[in-house]
Every structure is written in C-alpha cells, then in structure tokens.
Amino acid sequence: MKLHNRNVRQDVRELGALLGNVLEAQTSTADFETVEDLRTAAIAYRDGSAPSRQPLRDVVESLQPERESVVARAFTTYFELINLAEERERVRAVRKSSQDGTLEDSLDETIAELADGDADSETVQQVLDDVLIEPTFTAHPTEARRKTVKAKLRSIADDLETLDERRMTDREEGHIWTRVDAEVTSLWQTPQVRNRRPEPTDEARNVQWYLENTLFDVVGEVYSELEEIVSEEYPDVDVPKLFEFRSWAGSDRDGNPFVTPEVTTETLERQRSVVLGKYRVALKRLSGVLSQDGSRIETGNSFAESLADDREQLPAVAEETEERYPDEPYRQKLKLMRDRLDRVEDVRPGGYESHEELIDDLETIAASLERNGAAKVADAFVEPLIRQVDTFAFSLASLDLRDHREMHTAAIHEALEQEGFDYRNLDEDERVELLTDAVLQDEPVLDLESPGDVSEETERVLTRFAKLADWQREYGAEAIDTYAISMTEEPSHVLEVLFLADQAGVVSLPDHCGLDIVPLLETESALNGARRIMGTLFENEAYAQVLEARNGVQEIMLGYSDSNKENGVLAANWDLYKNQRRLADITDDHDVTMRLFHGRGGSISRGGGPMNQAMLALPNETVTGQIKFTEQGEAIAEKYANRRIAERNLEQMLDAQIRARHNAMLEPTEDVPDAWVDAMDTMAQAAREEYRDLLETEGFVSYFEQATPITVIEELNLGSRPASRSGERTVEDLRAIPWVFSWTQSRCILPGWYSLASGMQAYLDDGGDRETLKEMYESWPFFRTTLDNAALSLARTDLEIAAEYANLADEDLRERFFTRVSEEYEDGVELVLDVSDRNRLLKRDWLGDSLRRRNPYVDPLNLLQTHLLAQTHRTPSEEKTLRLTVKGIAAGMKNTG
C-alpha cells in the first residue's frame, strides 16, 4: 500500500523553487541572482568543484546593506521551509516503519520482548504501576522564532501533509500550492526579528499551545495503542496513569524578575480555562455519539443514581435538558456535565470540585455502555477522554515554582530580623535547628502579608508564598505543588522553603504537606556533598514528616547545563552518573523513593540528545519508574509541533522507561566492572583539568567575545530572562544557553566535545588500552551514549567556518586558542571513530543527508555574519541584518542553546 505521494527531495526542490519565485517577485531579479550566486558558489566548494570559498567570500563582501538584508532573509526563510520538509520526512519514516512492522523502540516490540522473556502478568503490572513520566516545559530563551512565524510555518506544514497523504485531482493540488505560495509570500513580508523582548505571559502561551493543540489529543491515542498491545499478551493487566505534564513558564522566578505572582495567577487562570474548554468540546462531541434511546436500553443503577444526583444539584438545568433530550439519558447526563464544567470558574454552586469527579462521571457512562453491549463505543469515545482528564486535570499542566536559594535566605534573614532573630550570622547547624523548630511549632513566626520594613525583593518572595496558598485553594493543589531551589548547597536551603510554605499554611505537619520541595544540585560541590545534604534532611524531624506526607517520594533535580559549563562534557557526564548512583544509595539507605528530575537542555552540551537513549543509559539504581525532565526552547517545537512526531516521541519515552524499569527490577544494582570505573575516573579528571585550563587561561574570555557572536546574542529578544546573572563578562556568570548558542553559531560546538580527547588520551597514556574503551562502548549504555552524543557535536562542527570567526580575534589570541581547539577536535574525531569502530561520526544516514543538504546554505549566512561582525561601525540596518543571520544560522543548525 502506497502511504505517501512525495519524498523529501521533491519537497526541498519545490519549496526552494517557490521561495525563489517569491524572492524575485518581492524584491528584484538582481537580488534573486545574488542569492543564486551565493548558493551555487557555496555548493561548488562543498562538492569539490571549486578550490576555495573565495568566490563566495567575494560576493558577500561586495553586498550593499539593503542586499545583505535580502540575503539574510532569503537563507533564513529557506531553512524554515526545509525544516518542514525534513519534519515531513520523519513522519513518512515513522508511518512506513509502523506499517512494515520494522519500527524501532515501538510499544509492540517492548511488550513482545517482555513476553518472550517470560515476564508474567504480575511483573508487567508492577512495571507499569511504577512508571510515571513527567515532561516539564520551560521558558528558557532558546526558541529563536517568533510566534507569528511559527503559526505560518504550521499552516504550510499542514498543506505539505495534505499533499503527501491525500489523493487529489490536479486542480485540488493546484489549490493547495496556491495557498502555500500565499503563505510563503506572507512569511517573506513578516518581520523575522522580534522588536521587543517576549514577556513571561508570552512564553506561557507558547508552552500552552503545544499542550492544547498537540499533546491533549495525542495522549489518548498513546494510551489506546498501549492498552490494545498489552491486552493481547497480558489480558489481565491494567494500564495505569503513565504521563503528567508540567511547566515552568509563568512560574520560574530564578534569574527572571519579570515572573511576578500576577504572571503566575494569569497563567493558572488561562490554563484552567483552556483545558475546561477542551473538555466542553469533547463532551459536546460525545453527546453527538451517545444518542441511545432510553426506552430500549437499561442504563443500570449507578448511572441512574448519578443522573439523579445531577438533577438534584441543578434542577433548572435538568428540566431544560429533559425537554431537549427526552428518552436520551446519556445526552441528558452529558448536558448536565457540561453545565457543571461551566460552573468550575464562576461562583454558581454545582460545579465540579475536582477533575476526579469528572472522571467518576465518565467512568459511570463507560460502565453503563458496557452493560448495554456498547463496550466498543466506550473504548473508542469515552476511554480516551478519561485518559485526557486523568492526565491534564483542571490545570492543563501543573506549574513548578523555582527561585535561587539566595533569594530565600535573604528574605528569611530580613523577615526574621523584624522578629528579633539574627538569621544571617547563624551557622548551618543553627539555621537547621531554628527552621526545624519553627516548622514543628503550631504558631506562625511570620506574617507573610505584613512582614514589616523589608526590601522589595524580600516582599516579593514572601508574597509568592502567601499567594501559593491562595493558588492551591482556587486551582487545586495539583495545579502548583512543586518548588525547585536553584543552586542548593546546604540542607538549610531546603528547610527555608519548607519554613516559608509552613508560614503560608501550605504545610501543616504531620498531616499535610502540599508541596514537593526539590533541591537542584548543579555544582560540583553540591553533587559531591549530596549525602551530607540529603542525609541531613532525611534524618531531620520536620522533613521526615514531609516525606511521610508525600508518600515517601523525594524529587531531586540534577543540573546538566551549569555542570557542563563548569567541568566540560566528559567530566560533567561522569559526575552526573556517579552522583545519580550516590543519590540512589542515599535514598535507599533511608527507605525513600527517589524521583530524579533531569534538567536537560536541547543541545548535547546541556544534556540533550535522544531522550529514549538517555533514559536507557541511566544507572539501574536510579530507575524507580518515576522520571522527570525539562523540555526547552527549539526542542519543544521539534518534538511536539507535529502531532505524529509528538505521538512517536511519547511512545519512545514510554518504551524506554518500561524497558529501563524492567531491567532495574531484574538487576537493581548495575554491574559496572571496576576497570571501567577506573578508566572513567582517569578520563574525567584529565578532561576536567584540560577544560578548566582552557577557560582559565588568560585571554580566553576575550577570545570568546571576539570569535563568537555572543555580544549579538545577548541583545536578541529571545526570552524574558536576562542572558547573564549579573551582567559581567565572565564564563562563570554567563548562562549556559548563550554560552552554547554562541559556539553553535560559529560552527565550533566546543561545549559538546572539548577535552574528550584529552581525557581519553590521558587514560591511554596511563596504561589503558583501546580494547577496554571499545568494550565499554559496546557493552555500557552510559559510555556509548556519551560518545555518540559527542560524535554528533563533532559532526556538526565545521572548523573551516569556525576559522572565519577565529580570524575576527586578535592574532595572538587566535593562534593560542584556535590552534588548541583545533588540535583537540582532530584528536577527538580520531579517537571517537576508533573506539566506536566506524568510519564516520554519524550513525544514522538521514542525519548525514540532512547535514549535507544544509551545509551549503548555512555557509553564506556564516560568512555574512563574520563580515558584519568585523565592522567596527554598523548602521541600524546592518545591526538588524546581523541579528537576522543569528536566526538563520539557528534554523540551519536546528539548534540554539
């Protein structure tokens, strides 16, 4: 059966030709010819038919400012369209493999392997009961595209899907292409660069879009597929809740002074309104299906009692409903349910108190349908809605609060100073004792709403906690029930949040704790001090009651970005691996269930890479079944903008987590040979020393500033959060996102591989052998994933283009640093290829094809960017073009930070 009408080459060719026509029509033939000259010159060098890039460089250097802008816009728009073509190809590959039965990481394959491995029903049920996957969307500023641009691109993507998957007449196809032509024309005329920095509410709406328009519908489909597969092998196994979605957008205060309590309130309100609206639409649709004649069926006592209860609560509505739907009991029930949803947000009585009540009603309808021999109707139309309500509740996505630990410490010092306490000068033990006693006593210590003469920042912190109690009363505790603490270094940093929550009434021990308090361990000292920090908390009288109230689960967040920026990719990955095992030992010693929260970014150097591989590479000791991880920036659009790709992404996560949990049950402690651990210790230490030496060498910060577009990136309106913590020009102060973004723009993706080769070579020089490294790569998922991810960063690095940026630096800096970086790159390529026993860096053919397709079109943007960066004085038009080159290269590289 032919599933598709097109292929990626056809899409790329026809979209490119269409863009060329729009370019010529909207500008001039001369502009079009200039873009063509750049394109052909870049291709000629890449395919070897031209000896150098000089012809390309000559064209770039001859451009006038107006034509520079046209060139930047043309190549940026090209990549936006080609990204859609490649997205469509991903969908084709998934659909074809699914049809052929060759889809890797599929749920069919997962359950079949469990059955073939003699896993019984009890084991499979336990695995599924343990699994809970919590993707957490953040507002970190790595999405370079405007919302308006994304909307136009989604429209074009929908048209490509129609062309690819529907059989049409020539006239119908012509109508589609006319619409695509119009959208590309509108895209060309639309500003690519934001003229203002997005506000936190904009970021919250962006996250909300993916939840509302993609994930809401996809989740039910994933559950239906899994239930069907499981029932074939294990008919007595029930599929429990497996997914929750969370968000930081509108609630993450760390480093972002614009996330106020008002922003959080607005986010909670909007999310509730959106999800209730989705349920109303679903119930209305269901009413169209459940038109059964009540005189011909027996609905059962439970349904009759439920309908009677609704009639009693809403007598006026019930009377109207009976007149409208006589002898149609299901429609009567559904109309009353819709009215109860309407009352959730207003003051009228009779509304649902919680989403569990809505689930109860839906389950009552499903049971009644099954009683009447309409189980297929329940399975097809009611069960998916039950899954949606169970997943999205009345909140769409639960919000996590977050702030830097210094904010809490300073606020408590000021507030307690008003009560006669000198908190600042207490040592750690004294702080722990004071906070513990305050939490355990019945009377509050602080009045959060009237704290006295305190600073504006302290008042903001205290107000947040006071509002937390209001938020939970209004929207339900599940809508906002987690608080992450950045840069946690001491037990008191966790107890400070507990104390403030207790003062707000969100905590009332020993009976109630409405908050998961999550330490974010991201520095080397915090990770190495994990036993002291967590052990002190677990043995603390107050915190032990918190754990009991939270079902014995402790969430711990690991920061990938800052640990990588601090130590380099190899040392950071090894530290994280070891410390995850250490945390597992600590929680196991205290009989606490650990839920790891992985603070991953989109790029390899910030913990990114294929999520399913990362989940399978985690230490067995840490795989309790519950897992949480951040989804950030452009990675959100790549994974969740397209419905079929979103479904595939969730399936792969579920596949990996089921496998990982089953493996952990079979082998609770991962058997890692001592020789491998020793090898990693040697490599990581040497890699850390080399990486730190590079960053601490005099002149490196100046080189970074001169050889990357960091100064441009800091001025981009990417997100509401500032690019640096204090505005100082140091690597330590710079946030991880612009650090990685800058290197990615210059095609020298140093954060993803630098010092890897030095570490591996140090191990070999110390008596290690390559065969051991090859054995580690073959048999150890952690090491294999680490090297494969580094290989991806190496493959996406282009030292020839990077040299163009290095030439912008002072000559002595260039000679010192670019030479050093280049040597590390070359050594890294050689060692990765040798250890992985392959002749190319990329394992997947499609990725190599994508890079070859993209590189000739990114090159002109890179040369234009370096040309503009080299100018000491730029006009406003040139500044705008320079910012546009950043957007274009990000689109071409499909990555920012």
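Cut-offs applied
- Residues numbered from 1 in each chain as written.
- Predicted model: local features only at pLDDT ≥ 70, side-chain atom pairs only at ≥ 80, totals over all residues.
- Heavy atoms only, no water.
- Helix = DSSP H or I, 4+ residues; strand = E, 2+ residues; numbered from the N terminus.
- Polar contact = N/O pair within 3.5 Å; in protein donor to acceptor, adjacent residues only side chain to side chain.
- Axes fitted to C-alpha atoms, helices over the stretch in contact; angles between N-to-C directions.
- Parallel < 35°, antiparallel > 145°, perpendicular 65-115°, else oblique.
- Contact = heavy atoms within 4.5 Å.
- Nonpolar A, V, L, I, M, F, W, Y, C, P; charged D, E, K, R; others polar.
- Core = buried A, V, L, I, M, F, W, Y, C linked by side-chain atoms within 4.5 Å.
- Buried < 20%, exposed > 50% of the residue type's maximum accessible area, 1.4 Å probe, protein only.
- Patch = residues over 30% accessible without salt bridge, like charges linked within 9 Å, V, L, I, M, F, W, Y side chains within 5 Å.
- Areas by Shrake-Rupley, 256 points an atom, 1.4 Å probe, with all protein chains shown as cover.
- Salt bridge = Lys/Arg side-chain N within 4 Å of Asp/Glu carboxyl O.
- Lys, Arg positive; Asp, Glu negative; His and termini not counted.
- Charge placed at Lys NZ, Arg CZ, Asp CG, Glu CD.

Chemist: Hey, could you run me through unusual backbone geometry in this one?
Modeler: Each neighbour pair has its own omega, and for Leu 509 with Pro 510 the value is 10 degrees, a cis peptide bond. As for its placement among the helices and strands, Pro 510 is situated in the loop between β5 (507–508) and β6 (512–513). One non-glycine residue, Asp 105, lies in positive phi territory at about 55 degrees. Considering the arrangement of structural elements, one finds Asp 105 in the loop between α4 (65–100) and α5 (107–116). Even without being glycine, Ala 393 reaches a positive phi, approximately 50 degrees. Structurally, Ala 393 can be placed in the loop between α15 (375–392) and β3 (398–404).

Chemist: Please explain the environment of Tyr 483 as it appears in this structure.
Modeler: By the secondary structure assignment, Tyr 483 is in strand β4 (residues 480–486). Spatially, the C-alpha atom of Tyr 483 lies 22 Å from that of Leu 576, the residues being 93 residues apart in sequence. Side-chain polar atoms of Tyr 483 contact the side chain of His 408, separated by 2.7 Å.

Chemist: Where do I start with the packing of helix α16 (residues 405–417) against helix α18 (residues 456–475) in this structure?
Modeler: Packed helices, taken two at a time, are described by the angle between their axes plus the distance between the axes. Interaxial distance between α16 and α18 falls to 9 Å at its minimum, and their mutual angle equals 100 degrees. It follows from the interaxial angle that α16 and α18 lie roughly perpendicular. Each of Met 407, His 408, Ala 410, Ala 411, Glu 414 and Ala 415 in α16 lies in contact with α18, whose residues at this interface are Glu 457, Thr 458, Val 461, Leu 462, Arg 464 and Phe 465. Looking at the contact of α16 with α18 residue by residue, the classes come out as seven nonpolar, two polar and three charged.

Chemist: Before we go on, may I ask you to explain the nonpolar core in this structure?
Modeler: The nonpolar side chains of soluble globular proteins are, as a tendency, buried together. Counting 115 residues, the largest nonpolar core has Met 683, Trp 780 and Phe 783 as its most contacted members. No other element matches α4, which puts 11 residues into this core. Those residues within four positions of Phe 783 in sequence are excluded, and the remaining contacts are Met 680, Met 683, Leu 773, Met 776, Tyr 777 and Val 835. Among the nonpolar cores identified, the runner-up in size contains 84 residues, and Leu 114, Val 124, Leu 362 and Val 389 belong to it.

Chemist: Would you mind showing me how to read a negative patch on the surface here?
Modeler: Taken together, Asp 108, Asp 116, Asp 118, Glu 228, Glu 232 and Glu 233 make up a surface patch of like negative charges. Elements with a contribution of two residues or more to the negative patch: α5 and α9 (200–233). The element that contributes the greatest number of residues to the negative patch is α9, accounting for three residues. Structurally, Glu 232 is set in helix α9. Taking relative accessible area as the criterion, Glu 232 reaches 62% and is therefore assigned exposed.

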